[in-house]
Amino acid sequence: MKQVVGMVVSNKMQKSVVVAVDRLFYHKVYNRYIKRTSKFMAHDEHDACNIGDRVKLDPSRPLSKRKNWVVAEILKKARIYVPPSPPVATDNSGTSTQLPAS
């Protein structure tokens, strides 16, 4: 087997991630390229992967029933959206009050 590149879709396990790997192949009857997705479980020793990260997987010996891959490197970290906190205003008495969200 060779190295594959995919996107992390789940990291809810300890030291394990699920990676979706896309591939394109040409269909002779439809005369079009078709995209297929395979999901692999991979070993993430340091729990460094998050959902949306682009990772490279190396094949390894079977680590469990479904884990035959190891995360070799994280190619691109996912941009995680953090919603802005509402502005805090202080009145004359020195206590802080939150402004109503509009």
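About the thresholds
Residues numbered from 1 in each chain as written. Predicted model: local features only at pLDDT ≥ 70, side-chain atom pairs only at ≥ 80, totals over all residues. Heavy atoms only, no water. UniProt positions renumbered as here; feature names shortened; annotations may be inferred. Salt bridge = Lys/Arg side-chain N within 4 Å of Asp/Glu carboxyl O. Helix = DSSP H or I, 4+ residues; strand = E, 2+ residues; numbered from the N terminus. Buried < 20%, exposed > 50% of the residue type's maximum accessible area, 1.4 Å probe, protein only. Contact = heavy atoms within 4.5 Å.

The chain has the name Small ribosomal subunit protein uS17c in an unreviewed UniProt entry, where Quillaja saponaria is given as its organism. Turning to the chain, the UniProt annotation filed under Function (unreviewed entry) states: "One of the primary rRNA binding proteins, it binds specifically to the 5'-end of 16S ribosomal RNA." The chain has a UniProt comment under Sequence similarities (unreviewed entry) that states "Belongs to the universal ribosomal protein uS17 family."

Peer 1: Looking at this model, I keep getting lost on the pattern of salt bridges. Mind explaining?
Peer 2: A side chain with one charge may pair with a side chain of the opposite charge, provided their charged atoms come close. Applying the stated rule across the entire model yields three salt bridges. Lys-15 serves as the salt-bridge partner of Glu-45, at 3.2 Å between the closest nitrogen and oxygen. With Glu-45 in the loop between β3 (32–43) and β4 (54–59) and Lys-15 in the loop between β1 (4–13) and β2 (16–27), this residue pair connects regions lying 30 residues apart in the sequence. The class for Lys-15 is partly exposed, based on a relative accessible area of 36%. Here Asp-53 and Lys-77 are joined by a salt bridge, their closest N and O atoms 3.4 Å apart. With Asp-53 in the loop between β3 and β4 and Lys-77 in the loop between β5 (67–76) and β6 (88–90), this residue pair connects regions lying 24 residues apart in the sequence. For Asp-53, a relative accessible area of 1% gives the class buried.

Peer 1: Explanation requested: the environment of Gly-52 in the structure shown.
Peer 2: Here Gly-52 shows up in the loop between β3 and β4. Separated by 26 residues in the primary sequence, Gly-52 and Ala-78 have C-alpha atoms spaced 5.0 Å apart. Sequence-distant contacts of Gly-52, that is, excluding residues within four places in its chain, are made with Met-7, Val-8 and Ala-78.

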